Amino acid sequence: MASLPPVLFSVIIVLVCTCQPSYSSTDRDLLVLTVATSETDGFVRYIRSLHIYNLDAEVLGMNQEWEGGDIANDVGGGQKINILKQELEKYKDDKNKVIIFTDSYDVIFTSGKAVILDNFDTFDARVVFGAEDYCWPNKDLASQYPRVSFGYKYLNSGGFIGYAPELYKIVTSHDITNQDDDQLYYTEVYLDKQLREKYSIKLDTQAKIFQNLNGQFADVSMKIGEGDVQIVNTVYQTTPVVIHGNGPTKVLLNSLGNYLAKSWTPEDGCLACIEDKKDIGALNKKDYPVVLLAVFIEKPVPFLEEMLEKVANLSYPKQRMDLLVHNQIELHKELVSKWVEAQESAGYRSVQQQPYDLKEWHARNNAVDVCLKNDCDVLFSVDGEVHFDNPDTLTLLLKHNRPVLAAMMTRDGQAWSTFWGAVNDEGFYARSNDYMDISNNNRR
Ligand SMILES: *[C@@H]1O[C@H](CO)[C@@H](O)[C@H](O)[C@H]1NC(C)=O
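Along each chain, numbering runs from 1 in the same order as the chain's sequence is written. Reporting in this predicted model follows two pLDDT cut-offs: at least 70 for local features of residues, and 80 or more for side-chain atom pairs to be given and counted; totals over whole chains, interfaces and linings ignore these cut-offs and use all residues. In computing side-chain values, all of the structure's heavy atoms are included and hydrogens and water are not.

A short note on the overall build of the protein
What the protein contains, in helices and strands, is 13 helices and 19 strands. Its C-alpha atoms give the protein a radius of gyration of 28 Å, more than 25% over the compact-globule value 22 Å for 444 residues. Dimensions of the protein, computed from C-alpha atoms along their principal axes, come out at roughly 95 × 65 × 40 Å. Taking all 444 residues of the protein together, the buried fraction comes to 45%. Only DSSP runs of H or I with at least four residues qualify as helices, and only runs of E with at least two residues qualify as strands; both kinds are numbered from the N terminus onward. Atoms considered for the radius of gyration are the C-alpha atoms alone. The globule rule reads 2.2 Å times the number of residues to the power 0.38. The buried label applies to any residue whose accessible area, calculated with a 1.4 Å probe on protein chains only, is under 20% of its type's maximum; exposed applies above 50%, and partly exposed to all values in between.

Remarks on the domain arrangement of the protein
For the purposes of this description, domain bounds are those given by an automatic or database domain assignment. Along its sequence, the protein is carved into domain 1 (30-268) and domain 2 (280-399). Just the C-alpha atoms count here: the centres of domain 1 and domain 2 sit 47 Å apart.

Here we look at unusual backbone geometry
With an omega dihedral of 5°, the bond running from Trp136 to Pro137 counts as a cis peptide bond. Relative to the helices and strands, Pro137 is located in the loop between strand E5 (127-132) and strand E6 (154-163). Of note, the phi angle at Lys262 is positive, near 55°, even though the residue is not glycine. On the secondary structure map, Lys262 appears in the loop between helix H8 (250-257) and strand E12 (264-265). Positive phi, normally seen in glycine, also occurs at Phe303, with a value near 60°.

What about helix H10 (residues 333-343)?
When we look at burial in H10, the residues that qualify are Val336, Trp339, Val340 and Gln343. Across the axial projection of H10, the buried residues extend over an arc of 100°, all falling on one side. H10 presents Glu334, Lys338 and Glu341 as exposed residues on the side facing more than 90 degrees away from its buried surface. Whether two residues are in contact is decided by their heavy atoms, any of which lying within 4.5 Å being enough. Along its buried surface, H10 packs onto strand E14 (291-297), helix H9 (304-312), strand E15 (321-327) and strand E16 (350-353). Directions are taken from the helix axis to each C-beta atom, and the arc is the one they span.

Here we look at the sheet that holds E5
Here, strands pair whenever DSSP counts at least two bridges between them. Strands sit in the order E2-E1-E3-E6-E5-E7 across an open sheet of 6 strands; the sheet is mixed. Edge strands, defined here as strands with exactly one partner in the open sheet, are strand E2 (57-60) and strand E7 (201-204). The mean angle between the axes of side-by-side strands here comes to 30°, regardless of whether they run parallel or antiparallel. In this sheet, E6 lies alongside strand E3 (residues 97-102) in antiparallel orientation, the contact comprising 5 bridges. Paired with Phe101 across the bridge in E6 is Phe160. Fitted lines through C-alpha atoms serve as axes, helices being fitted only where they are in contact, and the angles separating the N-to-C directions of these axes extend from 0 to 180 degrees. The strands touched by helix H5 (residues 164-171) within the sheet are E3, E5, E6 and E7, with E6 carrying the most contacts at an inclination of about 140°. In the packing of helix H6 (residues 182-191) onto the sheet, contacts are made with E5, E6 and E7, and the angle to E6 comes to roughly 70°.

Observations regarding the packing of helix H3 (residues 78-89) against H5
Relative orientation of the contacting elements H3 and H5 amounts to 140°, with a least axis distance of 9 Å. With respect to H5, the element H3 is oriented oblique. Read as a crossing pair, H3 and H5 show a hand that is left-handed. Of the residues in H5, those in contact with Ile81, Leu84, Lys85, Leu88 and Glu89 of H3 are Leu167, Tyr168 and Val171. Put simply, angles under 35 degrees are roughly parallel, angles over 145 are roughly antiparallel, angles from 65 to 115 are roughly perpendicular, and the rest are oblique. Note: crossing handedness is left-handed where the near helix turns anticlockwise from the far helix by less than a right angle, and right-handed where it turns clockwise.

Here we look at the state of the cysteines
In this description, the term disulfide denotes a pair of cysteine sulfurs within 2.5 Å. Inspection of the entire model under this criterion finds 2 disulfides. The disulfide that involves Cys270 links it to Cys273, with 2.0 Å between the sulfurs. A torsion of 85° about the S-S bond marks the disulfide between Cys270 and Cys273 as right-handed. With a relative accessible area of 34%, Cys273 lands in the partly exposed category. Residue pairing for Cys371: its cysteine sulfur links by disulfide to Cys376, the two sulfurs lying 1.7 Å apart. Residues Cys371 and Cys376 share a disulfide whose torsion about the S-S bond is about 85°; that sign makes it right-handed. Take Cys371 and Cys376: they sit in the same class, and that class is buried. In the protein, the bonded cysteines, taken in the order they occur along the sequence, pair up as 1-2, 3-4.

Observations concerning the packing of aromatic side chains
Side-chain rings of Phe, Tyr and Trp, where Trp is taken by its six-membered ring, are said to pair if the distance between their centres is within 6.5 Å; with planes under 30 degrees apart they count as stacked, over 60 as edge-to-face, and otherwise as tilted. All told, the structure shown has 19 aromatic pairs when counted by the stated rule. Ring centres of Phe43 and Tyr46 lie 6.1 Å apart, and the angle between their planes is 40°; on these two criteria the pair is classed as tilted. Separated by 3 residues within a single helix, Phe43 and Tyr46 lie in helix H2 (residues 41-52), roughly one turn from each other. Tyr46 matches Phe43 in its accessibility class, with the two residues each being buried. Between Phe160 and Tyr186, the aromatic rings sit 5.0 Å apart at their centres with planes inclined by 55°, giving tilted as the arrangement. Linking Phe160 in strand E6 with Tyr186 in helix H6, this pair joins segments that are 26 residues apart in sequence. A relative accessible area of 2% places Phe160 in the buried class. We count a charge as sitting over a ring when the NZ of a lysine or the CZ of an arginine lies within 6 Å of the ring centre and within 35 degrees of the ring normal. Lys333 extends its terminal NZ or CZ atom over the ring of Tyr356, reaching a point 3.9 Å from the ring centre. One Lys or Arg, Arg443, reaches over the ring of Trp264 and ends 4.9 Å from the middle of that ring.

So, in structure tokens, the structure goes:
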């Protein structure tokens with residue numbers, strides 16, 4: 001191939017140079033900060049997502065008393081700024097340190113350092129806040145915002161990124177009590193034109209880094225790629241990195257969380273499901289978790305005798321089980337009483353039958369109370385129409401080491417199952433996008 005004419009060649013060189021960010025991603029530190037006062041399931045999910053992308057968080061405020069109010073539904077959160085203030089003092093002179101601060105209970109990361117810094121560089125700013133379509137908590141400030149022709153207009157403080165010195169100046173620019181609203185605080189700094197320019201603050205109006213889901217859920221979709229699932233913002237054609245289930249979108253984030261951060265991949269299915277398993281089988285029998293086995297016969301059922309026999313046949317050590325039975329069906333009275341009597345010599349920790357005339361919901365609630373009173377580790381609730389064809393069922397379930405596990409039962413060839421993919425605003429059944437795939441056992 002003929003060599004390029006010299007003039008064109010030098011033009012290319014210039015272009016390449018000006019397109020480079022002033023620092024490459026690897027030269028700079030990226031510090032991930034969050035404030036969390038307890039290790040909720042959401043927090044564990046957040047930490048897991050960071051680890052997947054080789055990040056780690058410095059967690060501030062753990063086990064401190066939370067005084068910042070119920071921020072999922074109300075104003076508050078000033079405490080986050082006060083905790084952050086102390087920490088940022090350490091880094092206030094470090095001009096090359098980039099810090100990304102996010103919430104944690106309702107946040108999932110979907111990429112690592114290089115992507116975050118590259119996306120940050122495209123803003124040509126020292127500080128970038130996430131954005132959303134709602135002007136919260138003070139709607140009256142909406143008119144003071146700079147015009148945004150294409151993108152989300154208003155500041156959301158659930159996630160921001162910036163250089164340490166500017167962030168320190170922002171969090172120390174004025175006083176805030178623990179009960180004041182943190183988003184209002186940052187909004188006031190941003191709306192002050194002088195401060196906005198001095199600290200070079202911009203909003204992530206097109207979700208290049210921060211995707212707030214409240215009001216924006218229709219803008220995003222899941223992109224199932226090879227080895228990973230990402231969120232894409234189909235309105236702005238971006239692939240945000242910090243997915244934030246702000247406000248009432250926590251349940252939606254939970255369903256996305258089943259896929260994000262390599263929780264699930266098209267090749268291997270649910271990877272998060274096989275993490276943190278517990279080898280119950282390796283335990284000495286006397287160290288097995290204590291299980292309250294609660295059996296409920298609340299309607300007439302066929303094959304009850306076999307059902308009960310299979311319960312008795314469970315391979316789990318009986319010395320680690322309490323048995324609690326409730327039957328409210330006349331037809332089954334004799335059979336159940338005889339069976340319960342026979343179980344008394346089977347080696348359970350205890351055997352008890354709930355009163356026949358107890359209402360079903362009382363019987364079910366009572367099982368929880370009995371479990372707690374007996375210092376149980378696990379409540380295993382079984383209805384009369386359930387048959388255990390595998391005597392190792394209970395051991396197998398406990399190996400999954402999950403706080404709650406429920407069976408999914410389906411009817412062959414019908415779109416019916418005991419699994420709910422989603423809930424609507426009234427808390428009732430809603431069908432999720434993946435409902436058919438999951439109930440047909442095509443996605444697992
Ligand atoms: C219960 O276990 C016994 C002994 O292994 C077996 O013969 C019987 O068929 C089992 N019962 C049921 C209903 O599976």
